[in-house]
Amino acid sequence: MTESSIVSAGGREIENNGVPLIVDLDGTLIRTDSLIESVLTILRKTPLRLFILFRTIFKGKAIFKSRLAEIASPDPTIYPYNQAVLALIQEARCRGGKVFLATAANDRIACDVQGHLGLFDGLFASTKDLNLSGKAKADLLVQQFGTEGYDYIGNHVDDVPVWDCARRVYVVDPSRQLRCLVERRYPGHIVLSERINTLATYVRAARVHQWIKNILIFLPALAGHLFSASTLGTLLLGFAAFSFCASSVYLLNDMLDLRSDRLSNSKRHRPFAAGAIPLSHGLLLAPILLVLSLGLGFAVSVDFLMVLVGYYALTFAYSFILKRLAMLDVMALCCLYGIRMIAGSVAASVPLSHWFAAFAMFLFFFLALIKRATELAVLKRGGSAVASGRGYRADDLGVIASMAAGSGFVSVLVLALYVSSIEGSKLYAHPERLWAACLVMIYWVGHLLLTTHRGDMHEDPVVFAVTDVKSLICGLAMALIVGFSL
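## Some details on unusual backbone geometry
One non-glycine residue, Glu148, adopts positive backbone phi at about 60 degrees. Relative to the helices and strands, Glu148 is located in the loop between α6 (135-145) and β5 (151-154). Look at Asp173: it is not a glycine, yet its phi comes out positive at around 45 degrees. Relative to the helices and strands, Asp173 resides in the loop between β6 (168-172) and α8 (176-185).

Next up, the structure:
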């Protein structure tokens with residue numbers, strides 16, 4: 001054992017009384033990967049710095065981990081800890097046994113975890129000179145405790161050399177491949193917990209329910225009364241392209257927002273924040289969905305593909321920069337709604353009228369402000385002053401709600417002006433009947449504002465609208481009014 005490879009609790013020499021329990025960190029004690037989280041932290045704050053940092057990987061993984069930990073170490077107080085592992089640690093300590101943390105993560109990160117939990121008698125971790133993984137970890141533990149002189153909790157095939165020299169084998173959240181291996185190799189192993197990666201979990205991570213927003217692609221064709229079977233087929237392709245693109249962004253966004261999501265009562269149960277899905281799976285799925293989206297976009301048309309690329313670029317900018325800037329964030333959300341309509345216009349070859357564009361702009365700004373007001377309302381009820389990862393304070397709620405009300409009712413005004421315009425007379429045989437639609441819109445805008453004020457709004461107003469009975473009745477009423485006006 002060398003001083004560089006082990007850090008003793010309180011600077012004391014580690015004593016080997018009885019058989020100690022050795023605990024791995026990544027994927028075992030915590031249901032995430034500290035290395036990937038460090039990379040994502042830098043990617044969120046200073047992405048250009050990450051590309052410079054990656055040059056150090058050619059000097060060795062140990063040096064890369066050390067340099068990475070110097071720049072960005074995740075907050076150990078909000079890690080998704082594995083409760084089954086914590087319970088076993090507490091049990092071992094109650095029996096008077098020694099417990100040590102042994103991880104391939106850098107010693108800075110390991111020390112942070114040790115300091116936060118206060119459960120370990122010492123730790124073994126990687127330094128800039130040693131990557132403590134696989135055989136290197138096994139050799140160090142055997143040197144310290146002897147063969148079969150420790151019990152070990154791990155979760156990865158890299159832990160096999162360590163388990164080979166352990167007295168007792170504990171396995172956490174094993175993959176199918178690892179399960180087969182340990183069943184064959186270690187008959188007396190104990191599985192502490194299992195990660196059940198169901199399809200529903202991945203669907204939730206991809207936020208498939210948010211695909212409902214992409215029905216905006218169909219609106220230009222409906223508003224222009226230009227709809228056919230071929231147009232429907234093209235728009236369905238466009239809908240799929242935008243849906244896969246949006247899911248790709250949602251995956252990336254949730255991985256970049258781990259800290260703020262874990263600090264939020266409403267978002268801390270998201271799959272990545274809670275550790276229900278490995279971050280490595282998200283890093284693989286996001287580009288796959290993006291490539292699939294671009295392929296579908298190209299199948300619609302080159303112009304549609306350009307709009308889709310613009311949508312992705314704006315969502316990318318939103319995820320990295322704009323969502324942390326007050327007002328620019330809601331303007332970006334408004335534009336993201338609008339781009340979907342532009343895409344529908346391009347796909348169906350239907351020009352957007354100035355009236356429809358103006359109505360949509362104020363309506364989308366209203367929805368974006370409602371979304372932000374909802375988050376601030378939750379923040380205020382929780383007693384927090386500042387929104388984590390946002391450019392708002394809880395006291396901004398009143399201003400945001402006022403702007404939302406103004407924008408919502410201006411959209412109704414635009415609709416009213418359209419009803420009495422020459423353009424409205426050209427598309428509708430009975431445009432005067434559309435005044436009833438204005439009344440419905442006034443009610444619906446007021447309903448959303450009141451729901452938000454009472455704290456009953458879903459975090460996304462569009463998703464709320466398609467599940468709220470009153471909103472659905474308003475939508476049906478609008479459709480009937482438009483139908484009777486033709």
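## Topic: the packing of aromatic side chains
Here the structure, examined in full by the defined rule, presents 14 aromatic pairs. Ring geometry for Tyr337 versus Phe364: centroids 5.4 Å apart, planes at 40 degrees, classification tilted. Of this pair, Tyr337 sits in helix α16 (residues 328-348) while Phe364 sits in helix α17 (residues 354-381); the two residues are 27 residues apart in sequence, bridging distant segments of the chain. Note on Tyr337: relative accessible area 4%, which makes it buried. Taking the relative accessible area as the measure of exposure, Phe364 reaches 5% and is therefore buried. Through pairs of rings, three or more aromatic residues link up here, namely Phe100, Phe124 and Phe145.

## Regarding a nonpolar patch on the surface
Together, Leu219, Leu222, Phe227, Leu232 and Leu236 line one region of the surface with nonpolar side chains, adding up to about 410 Å² of accessible area. For the nonpolar patch, the elements supplying multiple residues, two or more each, are α10 (219-223) and α11 (229-256). Of note, Leu236 is situated in helix α11. Residue classification places Leu236 among the partly exposed positions, given a relative accessible area of 45%.

## With respect to the pairing of strand β3 (residues 99-106)
Summarising burial for β3: 8 of the 8 residues are buried, a large majority. Bridge count between strand β2 (residues 21-23) and β3: 3 bridges; the pairing is parallel. Within β3, the residue paired with Ile22 across the bridge is Phe100. As paired elements, β3 and strand β4 (residues 122-126) share 4 bridges and run parallel to each other. Considered in β4, the bridge of Ala102 is made with Phe124. Regarding topology, helix α5 (residues 107-117) serves as the crossover connection from β3 to the parallel β4, and that connection is right-handed.

## Some remarks on the environment of Ser319
When you line up the elements, Ser319 lands in helix α15 (residues 302-320). Between the C-alpha atom of Ser319 and that of Leu237, which follows or precedes it by 82 residues, the distance is 25 Å. Once residues within four sequence positions are removed from consideration, Ser319 is found in contact with Val249, Asn253 and Arg324.

## Some remarks on the side chain of Asp173
Taking the relative accessible area as the measure of exposure, Asp173 reaches 8% and is therefore buried. With residues up to four places along the chain from it excluded, the contact list for Asp173 reads Arg31, Asn82, Ser193, Glu194 and Arg195.

## Notes on the confidence of the model for the protein chain
Low pLDDT means the predicted coordinates in that region are not meant to be read closely. When pLDDT is averaged across the protein chain, the result is 86; 94% of the residues are at 70 or more. The element-level mean pLDDT for the protein chain is lowest in strand β1 (residues 6-8), coming to 36, with β2 highest at 96. Confidence over residues 1-17 falls short of pLDDT 50; this stretch has 32 contacts with residues more than four positions distant or in other chains.

## Some thoughts on the packing of helix α1 (residues 34-45) against helix α14 (residues 279-300)
Put simply, α1 and α14 touch, their axes get as near as 9 Å, and they point 50 degrees apart. Between α1 and α14, the angle is such that the two are oblique. Only Leu279, Ser280 and Leu283 of α14 make contact with α1, whose side of the interface consists of Ile36, Glu37 and Leu40. Residue composition of the contact of α1 with α14, grouped by class: 4 nonpolar, 1 polar and 1 charged.

## Focus: α16
An ideal rise of 1.5 Å per residue puts 30 Å on 21 residues; α16 measures up with 30 Å between its terminal C-alpha atoms. Burial of α16 is extensive: 16 of the 21 residues sit out of reach of the surface. Backbone geometry just downstream of α16 places Ser349 in the positive-phi region, at approximately 55 degrees.

## Some remarks on the pattern of salt bridges
Scanning all chains against the criterion turns up 19 salt bridges. A salt bridge links Arg95 to Glu91; the nearest nitrogen and oxygen atoms lie 3.2 Å apart. Across the salt bridge formed by Asp139 and Lys135, the nearest N and O atoms sit 3.0 Å from each other. With a gap of 4 residues between them, Asp139 and Lys135 both fall in helix α6, about one helical turn apart. The exposure class of Lys135 is exposed, given its relative accessible area of 55%. Residues joined by salt bridges that share partners form a network here, namely Arg207, Asp254, Asp261 and Arg270.

## Comments concerning the environment of Thr201
Along the chain, the position of Thr201 falls in helix α9 (residues 199-205). Taking the C-alpha atoms as reference points, Thr201 and Thr452, separated by 251 residues in sequence, lie 28 Å from one another. Residues contacting Thr201, with those up to four places away along its chain left out, are Ile196, Pro271, Ala276 and Ile277.

## A look at the packing of α17 against helix α20 (residues 435-453)
The contact between α17 and α20 brings their axes to 9 Å, and the two run at 20 degrees. Taken together, α17 and α20 sit at an angle that is classed as roughly parallel. For the pair α17 and α20, the sense of crossing is left-handed. When α17 is examined against α20, the residues Phe359, Leu363, Phe366, Leu367, Ile370, Ala373, Thr374 and Ala377 are found in contact with a partner set consisting of Met441, Trp444, Val445, Leu448, Leu449 and Thr452. Along the lines of polarity and charge, the residues of the contact of α17 with α20 split into 12 nonpolar, 2 polar and no charged.

## Some thoughts on the nonpolar core
Counting residues in hydrophobic clusters, the biggest one holds 100 residues, and the most contacted among them are Phe242, Phe366 and Trp444. Apart from the residues lying within four places of it in its own chain, the contact partners of Phe242 are Asn214, Ile217, Phe304, Val307, Leu308, Tyr311, Ile339, Arg340 and Ala343.

## Quick notes on the environment of Leu279
Mapped onto the elements of the fold, Leu279 is located in helix α14. By relative accessible area, Leu279 is classed as buried at 5%. Along the backbone, Leu279 and Pro174 are 105 residues apart, and their C-alpha atoms lie at a distance of 15 Å. Excluding its chain neighbours within four sequence positions, the residues that come into contact with Leu279 are Thr32, Asp33, Ile36, Glu37, Leu40, Met255, Leu258 and Phe272.

Calculation notes
Residues numbered from 1 in each chain as written. Predicted model: local features only at pLDDT ≥ 70, side-chain atom pairs only at ≥ 80, totals over all residues. Heavy atoms only, no water. Helix = DSSP H or I, 4+ residues; strand = E, 2+ residues; numbered from the N terminus. Phe/Tyr/Trp six-rings, centres within 6.5 Å; stacked < 30°, edge-to-face > 60°. Buried < 20%, exposed > 50% of the residue type's maximum accessible area, 1.4 Å probe, protein only. Patch = residues over 30% accessible without salt bridge, like charges linked within 9 Å, V, L, I, M, F, W, Y side chains within 5 Å. Areas by Shrake-Rupley, 256 points an atom, 1.4 Å probe, with all protein chains shown as cover. Salt bridge = Lys/Arg side-chain N within 4 Å of Asp/Glu carboxyl O. Pairing = 2+ DSSP bridges. Right-handed = clockwise from strand over helix to strand, strands pointing away. Contact = heavy atoms within 4.5 Å. pLDDT = per-residue confidence, 0-100. Axes fitted to C-alpha atoms, helices over the stretch in contact; angles between N-to-C directions. Parallel < 35°, antiparallel > 145°, perpendicular 65-115°, else oblique. Nonpolar A, V, L, I, M, F, W, Y, C, P; charged D, E, K, R; others polar. Expected span 1.5 Å × (residues − 1). Left-handed = near helix turned anticlockwise from the far one by under 90°. Core = buried A, V, L, I, M, F, W, Y, C linked by side-chain atoms within 4.5 Å.

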